[in-house]
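# A closer look at the structure
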Amino acid sequence: VYAGEMYYCSGSSMSLIKKIGLSKYNPSKRNKDIHFSERETEFIKLVCLEFSIKEIAGIMKISTRRVDEYSQSVKEKTETSSFVGIALFAIKNNIIGTCDVCGSAD
């Protein structure tokens, strides 16, 4: 906020992601031909949990450069350009359920 950026708490961010991801206005289309490796799926889940690149690297025990490679690969496969796009794609395509993100039951 101090730097002029917008801030949403994690609850608001997830609420917006779910609403946009499930709405008719989401331009993402379901593509059943996309296959993610186990590590890419782990990366996607960590993105949905709002971890930073450095945090993801620590959790996955890999370098930040390798995280960037996963990020590029997933963005290309999902035709997205940001972590928000990856999260929207994951929710819309049931790669991650809402309970995986917020800890509650579906």
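Residues numbered from 1 in each chain as written. Predicted model: local features only at pLDDT ≥ 70, side-chain atom pairs only at ≥ 80, totals over all residues. Heavy atoms only, no water.

This part is about unusual backbone geometry. Positioned with a positive phi, Glu 50 is a non-glycine residue whose angle comes to about 70 degrees. Looking at where Glu 50 falls in the secondary structure, it is placed in the loop between α2 (38-48) and α3 (53-60). With a phi close to 55 degrees, Asn 94 is a non-glycine residue in the positive phi region. Of note, Asn 94 is situated in the loop between α5 (83-92) and α6 (98-102). Judged by its relative accessible area of 60%, Asn 94 falls in the exposed class. (Helix = DSSP H or I, 4+ residues; strand = E, 2+ residues; numbered from the N terminus. Buried < 20%, exposed > 50% of the residue type's maximum accessible area, 1.4 Å probe, protein only.)

Using the criterion set out here, one finds three salt bridges in the structure. Across the pair Glu 40 and Lys 77 runs a salt bridge, and its minimum N-O distance is 2.8 Å. Of the two residues, Glu 40 is situated in helix α2 and Lys 77 in helix α4 (residues 64-78); the sequence distance between them amounts to 37 residues. Here Glu 69 and Arg 66 are joined by a salt bridge, their closest N and O atoms 2.7 Å apart. With a gap of three residues between them, Glu 69 and Arg 66 both fall in helix α4, about one helical turn apart. Residue Glu 69 is classed as partly exposed on the basis of its relative accessible area, which comes to 39%. (Salt bridge = Lys/Arg side-chain N within 4 Å of Asp/Glu carboxyl O.)

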